[in-house]
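Structural characterization, general
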Amino acid sequence: VYSPLSRWEAIANRIDAVLSSLTVEEESSIIEQYLSLVKERLSARGGSQGIERGVALCQQRMNPLSEKWSSLRRSKIESIMNLELEASRLRDALKELEVRFGVGELDQIGYEYRMSDFQVNLKKVEKEIAETRKFVDDMDMKMFRCSELLRENP
């Protein structure tokens, strides 16, 4: 026997599975866009029961999403700290290389080869630091906007 209730349960389970498979960034973007549209609609026409349920669902999803973001944020900040240590190590190695070349321990070709290698690695690390910081800043702003929109939409 196939009942409508089991069909609705299956649909709800699929929706939950899809939402769970989204990244924090994807889910927060969906929530932010939905709440922005709701805000525009509410100011234009007033509220409806469907909109209220949508906002309640967003609020319900924001709690676990905030927890996920907090954990991911800590991980990203730890990654930035490790990358900054690596960048510092590379800068020190560059200085040491310059000193070694200056005192004649290295010839011109060896110096230029190693210098180029250190500089390429340093640029990669600095780029990764910048990208990770931008990601953290962008996500912080997105989560903040979602929270603000939830406060504005009763």
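Okay, so let's go over this structure. All chains use their own residue numbering, which begins from 1 and follows the written sequence. Local features in this predicted model are restricted to residues whose pLDDT is 70 or higher, and side-chain atom pairs enter the listing and the counts only when it is 80 or higher, whereas totals over whole chains, interfaces and linings include all residues. Water and hydrogen atoms were dropped before computing side-chain values, which therefore reflect all heavy atoms in the structure.

A closer look at the side chain of serine 28
By the element assignment, serine 28 lies in helix α2 (residues 24–45). Using a 1.4 Å probe on the protein chains alone, a residue whose accessible area is under 20% of its type maximum counts as buried, one over 50% counts as exposed, and one in between counts as partly exposed. Look at serine 28 and you get buried, because its relative accessible area is 0%. Here a polar contact is taken to be a pair of N or O atoms separated by no more than 3.5 Å, where protein atoms must pair a possible hydrogen donor with a possible acceptor and residues adjacent in sequence count only if both atoms sit in side chains. Polar contacts involving the side chain of serine 28 include one to the main-chain carbonyl oxygen of glutamate 25, which spans 3.0 Å. Setting aside residues no more than four positions away along its own chain, serine 28 makes contact with Leu65, Met139, Lys142, Met143 and Cys146. By the criteria applied, helices consist of DSSP H or I runs no shorter than four residues and strands consist of E runs no shorter than two, each listed in order from the N terminus. We call two residues contacting when some pair of their heavy atoms lies within 4.5 Å.

Here we look at the pattern of salt bridges
Salt bridges are defined by distance alone: a side-chain nitrogen of Lys or Arg within 4 Å of a carboxyl oxygen of Asp or Glu. According to the stated counting rule, one finds 10 salt bridges in the structure shown. Between arginine 145 and glutamate 32 there is a salt bridge whose closest N-O contact spans 2.3 Å. Residue arginine 145 is found in helix α4 (residues 108–152), and its partner glutamate 32 is found in helix α2; the two are separated by 113 residues along the sequence. The partly exposed category is assigned to arginine 145, whose relative accessible area is 35%. Classification of glutamate 32 by relative accessible area gives buried; the value is 14%. Here lysine 127 makes a salt bridge to glutamate 131, at a shortest N to O gap of 3.9 Å. Of this pair, lysine 127 and glutamate 131 both sit in helix α4, 4 residues apart, roughly one helical turn.

Some points on the environment of tryptophan 69
Its location among the elements puts tryptophan 69 in helix α3 (residues 49–102). Beyond its immediate chain neighbours, meaning those up to four positions away, tryptophan 69 contacts Val24, Phe135, Val136, Met139, Asp140 and Met143. Of the polar contacts made by the side chain of tryptophan 69, one reaches the side chain of aspartate 140; its length is 3.0 Å.

Concerning the packing of aromatic side chains
Any pair of Phe, Tyr and Trp rings, taking the six-membered ring for Trp, is counted once the centres come within 6.5 Å. Such a pair is stacked with planes under 30 degrees apart, edge-to-face with planes over 60 apart, and tilted for the rest. A complete count under the given rule lists 2 aromatic pairs for this structure. Centre to centre, the rings of tryptophan 69 and phenylalanine 135 are 5.9 Å apart; their planes meet at 75°, and the pair counts as edge-to-face. Taken together, the residues span a long stretch of sequence, with tryptophan 69 in helix α3 and phenylalanine 135 in helix α4 at a distance of 66 residues. Taking the centre distance of 4.1 Å and the plane angle of 20° together, the rings of phenylalanine 101 and tyrosine 111 count as stacked.

Topic: the side chain of threonine 132
Among the secondary structure elements, threonine 132 is positioned in helix α4. A distance of 2.8 Å separates the side chain of threonine 132 from the backbone oxygen of glutamate 128, its partner in a polar contact.

Things to note about the nonpolar core
In a soluble, globular protein the nonpolar side chains are often hidden away together inside. Among the buried residues, those of types Ala, Val, Leu, Ile, Met, Phe, Trp, Tyr and Cys that are joined through side-chain atoms within 4.5 Å form a nonpolar core. Counting residues in each nonpolar core, the largest one holds 16 residues, and the members touching the most others are Ile31, Leu35 and Met62. Residue assignment for this core shows that the elements contributing at least two residues are α2, α3 and α4. If sequence neighbours within four positions are ignored, isoleucine 31 has contacts with Cys58, Arg61, Met62, Leu65 and Cys146. Of all hydrophobic cores here, the second largest spans 12 residues; its members include Ala87, Leu94, Met115 and Val125.

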